[in-house]
Amino acid sequence: MTTAPRPREDGTSPRPIKRGAKVAEALAQEIVHEIVSRKLPPGTLLSSEAQMLEDYGVGRGSLREALRILEVHGLITMKPGRNGGPMVIEVRTRDYGRMSTLFFHLGGVTFRELMDARLVMEPMMARLAAERRGQELVGKLADPEATHVEDDSTYFHATSDFHKGVAAMSGNSVLNLLSASLEDIFRDQVSGILSPADERRDVLAVHAAIADAIANGRADDAEKLMREHMQQYADWVQTRHPNLLDTVVDWR
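About the criteria used
Residues numbered from 1 in each chain as written. Predicted model: local features only at pLDDT ≥ 70, side-chain atom pairs only at ≥ 80, totals over all residues. Heavy atoms only, no water. Core = buried A, V, L, I, M, F, W, Y, C linked by side-chain atoms within 4.5 Å. Buried < 20%, exposed > 50% of the residue type's maximum accessible area, 1.4 Å probe, protein only. Helix = DSSP H or I, 4+ residues; strand = E, 2+ residues; numbered from the N terminus. Expected span 1.5 Å × (residues − 1). Arc of directions from axis to C-beta. Contact = heavy atoms within 4.5 Å. Polar contact = N/O pair within 3.5 Å; in protein donor to acceptor, adjacent residues only side chain to side chain.

**Q** Whenever I open this one, the nonpolar core confuses me. Can you help?
**A** One recurring pattern in soluble globular proteins: nonpolar side chains tend to sit buried together. Counting 36 residues, the largest nonpolar core has Phe111, Val166 and Ile214 as its most contacted members. When contributions to this core are tallied by element, the ones reaching two or more residues are α5 (111–131), α6 (152–168), α7 (173–189), α8 (200–215) and α9 (219–240). Broken down by element, the residue count for this core peaks at 9 residues, all from α5. With 17 residues, the next largest nonpolar core counts Ile35, Leu63, Ile76 and Val88 among its residues.

See the structure below:
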């Protein structure tokens, strides 16, 4: 059984919401469809609760549950105040990664497996970026000599931005999402485990070498350098924090 949706002011109509035990999920899917099909940018306020109830022909409880589903998944936020309501926000790889940690936690996935996955993914992403001769990192990398590597926060963001930048240059949105989310998960849960201060300039220099290989289309070099770079970090974690690798990833 379905409801007959009412046309909006712009002449478009929501698709009918199927009645059943999962009305809220169906409604959440429809709201996402509307956001995508109408290309609503971050910061856009969705219709008021009263308008949505009228548009979709559902109960208040189902609507609020649907909005809560979207909020939990990082797709909207509830803007407070008189002129507030559900607002579209920018979707981040971190939100996808947070959802993934639930399944990792339930499945008993360890940090060793997470590291192994990154050892597979990141060299491949560097190769794909080089095959595209990606120029996005040129001029944007942290200068190994000028960066205050002694400051953990500065170093953390410099290295994180580099790995996400390489993933973004792969040309494949699915691989980018997977690779960047693994980076987010690892760094969120082991953010205090950074390379020793006396090795950080060398790490940034390696990043520069990988970026150069990517920009000049040297796919073999980019893949090799990234694999060696990731393996070196994995070996360091194994030596300095061996107990961590067999720890199960937490749901966060």
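After presenting the structure, the write-up continues.
**Q** How do you make sense of α9 when you look at a structure like this?
**A** Along an α-helix, residues three or four apart share an orientation, since each turn contains 3.6 residues. The end-to-end C-alpha distance of α9, which contains 22 residues, comes to 32 Å, matching closely the 32 Å that a straight helix rising 1.5 Å per residue would cover. Of all the positions in α9, only Ala219, Ala222, Glu223, Met226, His229, Met230, Tyr233, Ala234, Trp236 and Val237 are classed as buried. Viewed end-on, α9 has its buried residues packed into an arc of 165°, placing them on one side of the element. In α9, those exposed residues whose orientation departs by more than 90 degrees from the buried face are Asp220, Gln232 and Thr239. Among the structural elements, α5, α6, α7 and α8 are those in contact with the buried residues of α9.

**Q** I'm lost on the environment of Arg118 in this one. Help?
**A** One can find Arg118 in helix α5. Spatially, the C-alpha atoms of Arg118 and Ala180 are 9.7 Å apart, while their sequence positions differ by 62 residues. Those residues in contact with Arg118 that lie beyond four places of it in its chain are Pro123, His163, Leu182, Glu183, Phe186 and Met230. In this structure the side chain of Arg118 is engaged in a polar contact, spanning 2.3 Å, whose partner is the side chain of Glu183.

Nothing here speaks to function; it is all geometry.
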